[in-house]
Amino acid sequence: MSMKTITVIVTGGMSRRMGRDKGNIVFEGDETMLSRLIRRYTDVFDGLYISVNQKGRFATGGIPELVDLHPGQGPMAGLEAAFSKTDAAQVFLTAVDLPFGEPALAQRLRALKGDAAACVIQRADGRPESLFAVYDRACLPHITACLEEGKCSFRALFDRVPVRYVQEAELAEFPLDHVLLNVNRPADLEQAMRERKNATRLTFQQTVH
């Protein structure tokens, strides 16, 4: 029997750089950034949840919300709530501001994780892509310890648990700069809108089930 894996979409905090709540930005047609990801990630794994710092900020279409136990401490608090409030063995964590996130890439990361506590893409510049990654329940006590010490960075977690760093060359069939385009600022949103219009419909053979 395979371990239960859930998808958790982190909605973030104040969105100061964007100037408005990113999850509620209308991205395509009548879809917001959040509703787009809900559509894309429904049925990819064994459940779907929305990570929030307070209930009721978003229309989730009935998808259950997970409220942070350590509010104001960033996405790692969302991962803590995901393990604390569900029985999932693994969490695929993604962010609401990754509108082109590819479910097939999420499945690949789960397959590559092996016995590691986390499976994270390491970008060419050395930066770990912590908000498009798969985490194991073994991370939970370390996450809580980091948050209680005021260490909100995933790098603090990665210093404490075995991590499978996936190099870009291992994911050559995925256009990572597009798939992992992060919409943080108004200029990023403009770029994402251009890419949405220009993108050829990329399909990936899903070999992992």
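Attention here is on the structure that accompanies the text.

Basis of the calculations
- Residues numbered from 1 in each chain as written.
- Predicted model: local features only at pLDDT ≥ 70, side-chain atom pairs only at ≥ 80, totals over all residues.
- Heavy atoms only, no water.
- Phe/Tyr/Trp six-rings, centres within 6.5 Å; stacked < 30°, edge-to-face > 60°.
- Helix = DSSP H or I, 4+ residues; strand = E, 2+ residues; numbered from the N terminus.
- Buried < 20%, exposed > 50% of the residue type's maximum accessible area, 1.4 Å probe, protein only.
- Pairing = 2+ DSSP bridges.
- Axes fitted to C-alpha atoms, helices over the stretch in contact; angles between N-to-C directions.
- Core = buried A, V, L, I, M, F, W, Y, C linked by side-chain atoms within 4.5 Å.
- Contact = heavy atoms within 4.5 Å.
- Salt bridge = Lys/Arg side-chain N within 4 Å of Asp/Glu carboxyl O.

### Comments concerning the packing of aromatic side chains
Counted according to the given criterion, the structure contains seven aromatic pairs. When the ring of tyrosine 135 is compared with that of phenylalanine 158, the centres are 6.4 Å apart and the planes differ by 10 degrees; the resulting orientation is stacked. One end of the pair, tyrosine 135, is in strand S8 (residues 128-136); the other, phenylalanine 158, is in helix H5 (residues 154-158), and 23 residues separate them in sequence. A single burial state applies to tyrosine 135 and to phenylalanine 158, both of which are buried. Summarising the aromatic geometry, the rings of phenylalanine 158 and tyrosine 165 are spaced 6.3 Å apart at their centres and angled 85 degrees between planes, so their arrangement reads as edge-to-face.

### Some thoughts on the sheet that holds S8
An order of S5-S4-S1-S6-S8-S7-S9 is seen for the seven strands of this open sheet, with the pairing classed as mixed. Of all the strands in the sheet, just strand S5 (65-67) and strand S9 (163-167) have a single pairing partner and so form its edges. Between one strand axis and the next, the sheet turns through 25 degrees on average, direction left out of account. Bridging between strand S7 (residues 118-122) and S8 involves five bridges; their strand directions are antiparallel.

### Quick look at the nonpolar core
One finds Ile9, Leu105, Ile121 and Phe132 to be the most contacted residues of the largest nonpolar core, which totals 39 residues. The biggest single contributor to this core is helix H1 (residues 33-41), with five residues. Sequence-distant contacts of phenylalanine 132, that is, excluding residues within four places in its chain, are made with Tyr41, Phe92, Leu93, Thr94, Leu98, Gly101, Glu102, Leu105, Ala106, Leu109, Ile121 and Leu180. Listed in part, the 30 residues of the second largest apolar core include Ile6, Met76, Ala81 and Ala156.

### Some details on the pattern of salt bridges
In the structure shown here, the tally under the stated rule is 14 salt bridges. The residue aspartate 125 makes a salt bridge to arginine 127 at a minimum N-O spacing of 3.4 Å. Assessed through its relative accessible area of 36%, arginine 127 is described here as partly exposed. In the salt-bridge network here, residues are joined through shared partners; they are Arg123, Asp125, Arg127, Glu129, Glu168 and Asp177.

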